[in-house]
Amino acid sequence: MKHTISAIVENKPGVLHRVVGLFSRRGYNIDSLAVGTTEKTEVSRITIVVTGDDLVLEQIIKQLYKQIDVLEVFDLPQNESIERELALIKVKANEKTRNEIAQLAETFNARIVDVAEETVIIEVSLEKEKVENLQKLLEKFGIQELVRTGKIAIQKGGKNNG
Amino acid sequence: MTIFPQYDKIPIQMKISGAQALIESLKKEGVEIVFGYPGGTVLPIYDVLYGEKAIKHILPRHEQGSTHAADGYARVTGKVGVCIATSGPGATNTITGIATAFMDSIPMVIITGQVATPLIGRDSFQEADITGITQPITKHNYLVKTAEEIPRVIKEAFYIASTGRPGPVVVDIAKDAQVNKFDFKYPDKVNLPGYKPTLKGDPEQVKAAAKLIAESKKPLIYAGGGVIASGAAAELTEFARKLNTPVTTTLMGLGAFPETDKLALQMLGMHGTAFANYAVQECDLLIAVGARFDDRVTGHLPSFAPKAKHIQIDIDPAEIGKNVRIDVPIVGDVKQTLKELNALIPVKAGRHLAWLKQIEEWKNKFPLSYKKNNFIKPQYVIEMIDEVTKGEAIICTEVGQHQMWAAQFFKFTKPRTWVSSGGLGTMGYGFPASIGAQFGRPDSTVFNIAGDGSIQMNIQELATAVIHKLPIKIVVLNNSFLGMVRQWQELIYEKRYSSTNLCNNPDLVKIAEAYGAKAMRITDQTKVKAALEEAMKITDGPVLLDFSVDKEENVLPFVPPGQALNEMIID
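Conventions adopted
- As a convention, each chain's residues are numbered from 1 in the sequence order in which they are written.
- All chains are assigned letters beginning at A, and all ligands numbers beginning at 1, according to the order in which they are written.
- Under the rules for a predicted model, residues below a pLDDT of 70 receive no local features and side-chain atom pairs below 80 are neither given nor counted, while totals for whole chains, interfaces and linings still include all residues.
- Under the scheme used here, helices are H or I runs from DSSP no shorter than 4 residues and strands are E runs no shorter than 2 residues, and both carry numbers assigned from the N terminus.
- Neighbour density around each residue's C-beta defines its exposure: 20 or more other C-beta atoms within 10 Å make it buried, 12 or fewer make it exposed, and counts between make it partly exposed, where C-beta atoms are placed from the backbone.
- With C-beta atoms placed from the backbone, a contact is any residue pair whose C-beta atoms sit within 7 Å.
- In this analysis, axes come from line fits to C-alpha atoms, helices being fitted only over the stretch in contact, and the angle between any two N-to-C directions falls in the range 0 to 180 degrees.
- Every angle not falling under 35 degrees, over 145, or within 65 to 115 is termed oblique; those three ranges are roughly parallel, roughly antiparallel and roughly perpendicular.
- Put simply, a crossing is left-handed when the front helix is turned counterclockwise from the back one by less than a right angle, and right-handed when it is turned clockwise.
- Residue polarity is assigned by list, with Asp, Glu, Lys and Arg as charged and Ala, Val, Leu, Ile, Met, Phe, Trp, Tyr, Cys and Pro as nonpolar; anything else, Gly included, falls into the polar class.
- Residue ranges assigned to the domains are those given by an automatic or database domain assignment.
- Joining buried Ala, Val, Leu, Ile, Met, Phe, Trp, Tyr and Cys residues through C-beta atoms within 7 Å gives a set, and that set is a nonpolar core.
- Strand pairing is assigned whenever DSSP identifies at least 2 bridges connecting the two strands.
- UniProt positions are given in the numbering used here, feature names are shortened, and annotations may be inferred rather than shown by experiment.

1. Some details on the overall build of chain A
Thinking step 1. Check the secondary structure of chain A and you find 4 helices and 9 strands.
Thinking step 2. By principal-axis analysis of the C-alpha atoms, chain A measures approximately 55 × 35 × 30 Å.
Thinking step 3. Out of the 162 residues belonging to chain A, those deemed buried represent 27%.
Thinking step 4. The long-range share in chain A, meaning contacts at least 24 apart out of those at least 6 apart in sequence, stands at 72%.

As structure tokens, this is what we get:
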């Protein structure tokens, strides 16, 4: 089962190495990883999507807590969190297909952020599955280049994780 | 030389170099001895150490030796072991020592020099990314790039190394940070928001454990290195006697409970006693105290203690349920938790008599034993060491057959008298560790029990032992084999003794003598005791006793890998 783990860590050199090293040496698979700053300058947030059963998840959380620079760790429940991935997709386009692509993008709440003679770039920020759906639908036009961030997530409502 | 001869103590603020700040910080932490090897990037530190009186510096002959010595010192004293190495190869030579300490949760601070900050990341001479390299084998590590950080980092390093589940901490200090001057002030406390070990067990869990204990008919205490680390041997003994419950210890737990006690089952696991292993398989409640269900202990995991409920007391939450499902986990300091449990257990005579009778039968039927013949039996040598020392000795070992025989046949009665690489299984550990142990406990008799393979892995430390007149008794159980590997080849690989024959060994007596140590070769079993007695009389330096033992003796019992504990080979 996939879990989204959010780790609040001290903003110090080597922290990411520690976290990633922990996953690789204990044999936990990282499906995606996103790191960024938070509302506090002294801490960062690492969002990691992992696959594993409850025992594996428990060990991952405990092992993360053992790292001195890790302050807090959460397993974000899927239905109580807002989850997003950002993708930038460069699609082959010409005068004939450009409109169709634009319509498709619109239905996904995606934006065209660059138009060139032979390509357009679509920016989309959605749940992972929807990003993948859009990607699939764009394939027939020819995807020239695609870049995706790892998932970031935040708990809904007043609960404040970190 | 003190840095400020004109002052009794350092003024609160004073400009000093990073290297001076390091040594002052070590003094603030109560460090009396460091084991280190100089080199280019630690020259400023060694300049401060020159003539330093408050901190004794010991120069081993290899950086690996200094780490094991610091580790041995830490194991016998309970204090933080400290060592120093230069950058690059000096630092990489400490890796085995750091990993050894990490696997056995030994508190150490390893100070390494690093090339100056403008040179970092440029593949400079003797540059190695030691914080990167040691990241998976340290409790924590630091790369210090400015002198100002040194006091805080040293304070934190000692705090992290010695609290919670102890472990090694590497402090890598760039050379310019050692040279630059700043206003030194040692912090009073640490500020580590991400590090707060849980010492007090949840009272509800402690009550739940007491309830399980009260309901149990066949309880068994399984005690590990956590009992030693926590200083809880007295509490464990009270717990066991109050409950009238047998105790088996792991290799790391030797000395946590007196093996002379009738409740003692000695070691369990792959080379544990048959009665300990049978007790594990039959008990209805297993109380794990500071132990981590290692594969050498459990054998085939699903078959381990199949009839038992499990209580686990451990300071490290990540150890709870890592390998075995636990019914009542208690995260907390072992000593404190046992005190609380002891207070909850009512005094009641005659507990578990039927269970103890069953165990007594196993003890009588399957004692630890060996068959005598015309050769010197390695087990006999260990028994004689126990006899001539009256059980009062610190036993340091390497890794292999001799280690298991020492664990089996010496009767350990006190904590911090057993110094052995349990988790990593480091050959070459024991001799340098015995040097650290002798420095830590100068009035104790220290033995290094070794095999002919292991002793050659750090034999250069004979120089260190001779120079410092350390009266270590080095006992080599010489079978001209890498004995443990040979045993596996005999039992599992049809006696195909691939690369385990050491019949071309050098003359160890001559080697010892060349270093200026005393040495004897013993080939006759009737002379074993006399040789040990003679060795005990030597107090002005090390003595090496080269015992030519029965070459193809095996360590038994033996639970073949992947088998259940009750499927052991007994004879």
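Next, the rest of the story.
2. Some words on the packing of helix H3 (residues 63-77) of chain B against helix H18 (residues 430-440) of chain B
All names here are of chain B.
Thinking step 1. Two elements in contact, H3 and H18, have axes whose closest approach is 6 Å; the angle formed by their N-to-C orientations is 45°. It follows from the interaxial angle that H3 and H18 lie oblique. Along this stretch, H3 crosses H18, giving a crossing that reads as right-handed. Across the interface between the two elements, Gly65, His68, Ala69, Ala70, Asp71, Gly72, Tyr73, Arg75, Val76 and Thr77 of H3 pack against Pro432, Ala433, Ser434, Ile435, Gly436, Ala437, Phe439 and Gly440 of H18.
Thinking step 2. Among the residues forming the contact of H3 with H18, the class breakdown is 9 nonpolar, 7 polar and 2 charged.

3. As for the domain arrangement of chain A
All names here are of chain A.
Thinking step 1. Along its sequence, chain A is carved into domain 1 (2-76) and domain 2 (81-153).
Thinking step 2. One C-alpha centre belongs to domain 1, the other to domain 2, and the line joining them spans 29 Å.
Thinking step 3. Of the residues lining the interface, 8 residues belong to domain 1; the matching set on domain 2 comes to 7 residues.
Thinking step 4. No other element matches the 3 residues that strand E2 (residues 30-37) contributes to the side of domain 1 that touches domain 2.

4. What about the domain arrangement of chain B?
Interface size, as often reported, equals the accessible area lost upon joining of the parts.
Thinking step 1. Here chain B is partitioned into domain 1 (15-183), domain 2 (203-365) and domain 3 (378-548).
Thinking step 2. Of the residues that constitute the side of domain 1 of chain B that touches domain 2 of chain B, the class distribution is 1 nonpolar, 3 polar and 2 charged.

5. Some remarks on unusual backbone geometry
Residue and element names in this part refer to chain B.
Thinking step 1. Put simply, Leu556 and Pro557 share a cis peptide bond, and its omega is -5°.
Thinking step 2. Within the fold, Pro557 resides in the segment after strand E20 (543-548).
Thinking step 3. Positive phi, normally seen in glycine, also occurs at Ala305, with a value near 45°.
Thinking step 4. One can find Ala305 in the loop between helix H13 (295-298) and strand E13 (309-314).
Thinking step 5. Judged by the 24 C-beta atoms lying within 10 Å of it, Ala305 falls in the buried class.
Thinking step 6. Of note in this structure, Glu494 is not a glycine but carries a positive phi near 50°.
Thinking step 7. Relative to the helices and strands, Glu494 is located in the loop between helix H20 (483-492) and helix H21 (508-514).
Thinking step 8. A residue is classified by how many C-beta atoms lie within 10 Å of it, and Glu494, with 7 of them, is exposed.

6. Looking at the nonpolar core
Residue and element names in this part refer to chain B.
Thinking step 1. Among the nonpolar cores identified, the biggest contains 177 residues, and Val109, Val171, Leu236, Val289, Val381 and Val475 are the most heavily contacted of them.
Thinking step 2. Looking at which element gives the most residues to this core, the answer is helix H7 (residues 150-162), with 7 residues.
Thinking step 3. Contact partners of Val381, with chain neighbours within four places excluded, come to Ile376, Val475, Leu477, Val528, Phe547 and Val549.

7. A few points about the sheet that holds strand E11 (residues 264-267) of chain B
Residue and element names in this part refer to chain B.
Thinking step 1. The parallel open sheet is built from 6 strands, whose spatial order is E11-E10-E9-E12-E13-E14. If you trace the sheet from one side to the other, it starts and ends with E11 and strand E14 (328-331), each paired once. Taken pair by pair, the neighbouring strands of this sheet meet at an average axis angle of 15°, ignoring direction.
Thinking step 2. Bridging between strand E9 (residues 219-223) and strand E10 (residues 247-249) involves 3 bridges; their strand directions are parallel. If you follow Tyr222 over to E10, its bridge partner there is Thr248.
Thinking step 3. In this fold helix H9 (residues 203-215) packs onto E9, strand E12 (285-289), E13 and E14, with an angle of close to 140° to the strand it touches most, E14.

8. Structural notes on the interface of chain A and chain B
Thinking step 1. With 15 residues of chain A in contact, the opposing surface of chain B contributes 14 residues.
Thinking step 2. Mapped onto the side of chain A that touches chain B, the elements with two or more residues apiece are helix H1 (15-25), helix H2 (54-66) and strand E4 (70-76) of chain A.
Thinking step 3. At 5 residues, the largest contribution of residues to the side of chain A that touches chain B is made by H2(A).
Thinking step 4. For the side of chain A that touches chain B, the residue count by class is 3 nonpolar, 5 polar and 7 charged.

9. A short note on the UniProt feature "domain: ACT" (unreviewed entry) in chain A
Thinking step 1. What UniProt calls "domain: ACT" (unreviewed entry) maps, in this numbering, to residues 4-78 of chain A.
Thinking step 2. What you have in residues 4-78 of chain A is 32% helix and 41% strand, and the ends, taken at the C-alpha atoms, are 8 Å apart.

10. With respect to the environment of A:Leu88
Thinking step 1. Mapped onto the secondary structure, A:Leu88 falls in strand E5 (residues 81-92).
Thinking step 2. The residues contacting A:Leu88, other than those within four sequence positions of it, are A:Ile121, A:Glu123 and A:Val147.

11. Section: the packing of helix H11 (residues 233-243) of chain B against helix H14 (residues 334-344) of chain B
All names here are of chain B.
Thinking step 1. At a closest axis distance of 9 Å, the pairing of H11 and H14 adopts a crossing angle of 30°. Looking at the two axes, H11 sits roughly parallel to H14. Once H11 is placed against H14, the crossing between them reads as left-handed. Judged by residue contacts, Glu235, Leu236, Glu238, Phe239 and Lys242 of H11 engage Lys335, Leu338, Lys339, Leu341 and Asn342 from H14.
Thinking step 2. Here the residues of the contact of H11 with H14 sort into 4 nonpolar, 1 polar and 5 charged.

12. Quick notes on the pairing of E2(A)
Residue and element names in this part refer to chain A.
Thinking step 1. Pairing between E2 and strand E3 (residues 43-51): 7 bridges, direction antiparallel. Following the sheet pairing, Ala34 is matched in E3 by Thr47.
Thinking step 2. Hairpin connection between E2 and E3: a loop of 5 residues separates the two successive antiparallel strands.

13. Brief notes about the environment of B:Gly72
All names here are of chain B.
Thinking step 1. Note on placement: Gly72 falls in helix H3.
Thinking step 2. Owing to 32 C-beta atoms within 10 Å, Gly72 belongs among the buried residues under this scheme.
Thinking step 3. C-alpha separation for the pair Gly72 and Val419, spaced 347 residues apart in sequence, amounts to 6.5 Å.

14. Brief notes about the pairing of E9(B)
Residues and elements named next belong to chain B.
Thinking step 1. The element E9 is largely enclosed, with a buried count of 5 among its 5 residues.
Thinking step 2. Burial along E9 is two-sided: Pro219, Ile221 and Ala223 and Leu220 and Tyr222, pointing in opposite directions, are all buried.
Thinking step 3. Direction of pairing for E9 relative to E12: parallel, over a ladder of 5 bridges. Across the sheet, residue Ile221 finds its bridge partner in E12, namely Ile287.

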